[in-house]
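Residue strings, one per chain:
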Amino acid sequence: MPLDQDFYEEQDEEQDIDNEEGKEMTFLEHLEELRWHIIRAVGSIFVFAIIAFIFIQDIFDKVILAPKRPDFWTYRMMCKLADATGYDDLCVKELNFQLQALGMADPFTMALTSSLIIGLSFAFPYAFWELWRFIKPGLRSVEKRAARGAVFYVSLLFLMGLLFGYFIVSPLAINFLANYQISPEIKNQFDITSYVGTLATLSLGCALVFQMPMVAFVLSKVGLLTPAFMKTYRKHAWIVILVVAGIITPSPDIYSQVLVALPLAALYEVSILVSRSIERARLKEERALTTRD
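Residues numbered from 1 in each chain as written. Predicted model: local features only at pLDDT ≥ 70, side-chain atom pairs only at ≥ 80, totals over all residues. Heavy atoms only, no water.

## Side note on the side chain of Ser-271
- For Ser-271, the location among the structural elements is in helix H12 (residues 254-292).
- Those residues within four positions of Ser-271 in sequence are excluded, and the remaining contacts are Met-212, Pro-213, Ala-216 and Met-230. (Helix = DSSP H or I, 4+ residues; strand = E, 2+ residues; numbered from the N terminus. Contact = heavy atoms within 4.5 Å.)

Shown next as structure tokens:
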């Protein structure tokens, strides 16, 4: 079986060479191809955005405005955790704020903005796949095999980060900011633009942060990152993660910060494993070349 696999890999490499020699594209042809990939990627975002705009009222009531209600899933889990640990401050019983639209066009603007954000979130796997289709032909066969499954892992990490930001980070931040008051005489009445902006920024921000293993993969492939370097600065990274967790969750209780910091620390450890696997593959390839020589 390994011999057969090597045979097919050699055939693929020869086919790639033939394709490169037989299908030489000019600079303008590359730009034209890139343009169509971008058009299809942006088109998918608009398709999902239009679908979201059609159901925007239900989306606002059941998804966007859900973290402002005490019966949100995260708050119910925090109350259960409070009962288990005896730390009553974890339980969120009320969110002391109201939302309002200050401008006449704000509701319509927020509907469009929210639809575009939702469209981007749902279309991200396809949009990334379109861009990957443009990049992939320029890679060598070895690089293609090394990057196999890139679309799946990038999309999976994006989805995991998006859910983490929506269900963990955003409710913790909203809870703290909603219940923080300078004076009892000042009521917390937030603009809907500010609320949606906070929710989108935290959710999409976490989706990008969760790409850390893929960033480690790319940097390790080009030789800019090594597992030894990441292990050496592991303590520094944990301090940065704790600081980031403290910024993301302005709540002063340690439980909320740990709840955010643990997944980020886990991502850093996964990034070390990814970098280590790349280094082992590189060393194995170098030993194989040395043996042939």
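## So, the pattern of salt bridges
- Applying the stated criterion across every chain, the model contains four salt bridges.
- Salt-bridge contacts for Arg-35 lead to Glu-32; the nearest nitrogen and oxygen are separated by 2.9 Å. Within this pair, Arg-35 and its partner Glu-32 are both found in helix H2 (residues 27-54), separated by three residues, close to a single helical turn.
- Residue classification places Arg-35 among the partly exposed positions, given a relative accessible area of 41%.
- Overall, the relative accessible area of 37% leaves Glu-32 in the partly exposed class.
- Note that Glu-130 and Arg-40 form a salt bridge whose closest N and O atoms lie 3.2 Å from each other. Linking Glu-130 in helix H5 (residues 106-135) with Arg-40 in helix H2, this pair joins segments that are 90 residues apart in sequence. (Salt bridge = Lys/Arg side-chain N within 4 Å of Asp/Glu carboxyl O. Buried < 20%, exposed > 50% of the residue type's maximum accessible area, 1.4 Å probe, protein only.)

## Re the nonpolar core
- Phe-60, Tyr-195 and Val-260 are the most contacted members of the largest nonpolar core, which totals 46 residues.
- For this core, the elements supplying multiple residues, two or more each, are helix H3 (56-64), helix H4 (73-85), H5, helix H7 (150-179), helix H8 (192-209), helix H11 (234-248) and H12.
- Of all the elements, H7 adds the most residues to this core, at eight residues.
- If sequence neighbours within four positions are ignored, Phe-60 has contacts with Leu-65, Met-110, Ala-111, Ser-114, Ile-192 and Val-196. (Core = buried A, V, L, I, M, F, W, Y, C linked by side-chain atoms within 4.5 Å.)

## Considering H7
- In this model, H7 (30 residues) spans 42 Å end to end at C-alpha, consistent with the 44 Å of a helix rising 1.5 Å per residue.
- When the local axis directions of H7 are compared, the greatest deviation, roughly 40°, occurs at Gly-165. (Expected span 1.5 Å × (residues − 1). Bend = angle between axes of the 7 residues up to and from the residue.)

## Here we look at the packing of aromatic side chains
- Counting across every chain of the model gives 15 aromatic pairs.
- With a centroid separation of 6.1 Å and 15° between ring planes, the pair formed by Phe-48 and Phe-122 is classed as stacked. Here Phe-122 lies in helix H5 and Phe-48 lies in helix H2, a separation of 74 residues in the sequence.
- Taking 4.8 Å as the distance between ring centres and 85° as the angle between the ring planes, the aromatic pair formed by Tyr-166 and Phe-167 counts as edge-to-face.
- Judged by relative accessible area, which is 14%, Tyr-166 ranks as buried.
- In this structure an aromatic cluster arises from ring pairing among Phe-72, Trp-73, Tyr-75, Tyr-166 and Phe-167.
- If you follow Lys-68 out to its NZ or CZ, it ends over the ring of Phe-97, 5.5 Å from the centre. (Phe/Tyr/Trp six-rings, centres within 6.5 Å; stacked < 30°, edge-to-face > 60°. Lys NZ or Arg CZ within 6 Å of the ring centre and 35° of its normal.)

## Observations regarding the confidence of the model for the protein
- Per-residue pLDDT for the protein has a mean of 84; in total, 88% of the residues score no lower than 70.
- When mean pLDDT is compared element by element in the protein, H3 scores highest at 95, while helix H1 (residues 2-22) scores lowest at 44.
- Contacts from residues 1-15, a stretch scored under 50 in pLDDT, to residues over four places away or in other chains number four contacts.
- Overall, residues 17-22 carries pLDDT values under 50, and its contacts beyond four positions in sequence, including any with other chains, amount to one contact. (pLDDT = per-residue confidence, 0-100.)

## A few points about the state of the cysteines
- As enumerated under the stated definition, the model contains one disulfide in all.
- In this model Cys-79 forms its disulfide with Cys-91; the gap between the sulfur atoms is 2.1 Å. Torsion about the S-S bond of the Cys-79 and Cys-91 cystine: about 80°, corresponding to right-handed handedness. Placement of Cys-79 in helix H4 and of Cys-91 in the loop between H4 and strand S1 (98-100) is noted, with a sequence separation of 12 residues between them.
- Residue classification places Cys-79 among the buried residues on the basis of a relative accessible area of 17%. (Disulfide = S-S within 2.5 Å.)

## Considering the side chain of Ser-155
- Residue position: Ser-155 is located in helix H7.
- Taking relative accessible area as the criterion, Ser-155 reaches 14% and is therefore assigned buried.

## Focus: the packing of H2 against H5
- With their axes 6 Å apart at the nearest point, H2 and H5 run at an angle of 140° to one another. In terms of orientation, H2 lies oblique with respect to H5. The handedness of the crossing between H2 and H5 comes out as right-handed.
- Partitioned by chemical class, the residues of the contact of H2 with H5 number 21 nonpolar, five polar and four charged. (Axes fitted to C-alpha atoms, helices over the stretch in contact; angles between N-to-C directions. Parallel < 35°, antiparallel > 145°, perpendicular 65-115°, else oblique. Left-handed = near helix turned anticlockwise from the far one by under 90°. Nonpolar A, V, L, I, M, F, W, Y, C, P; charged D, E, K, R; others polar.)

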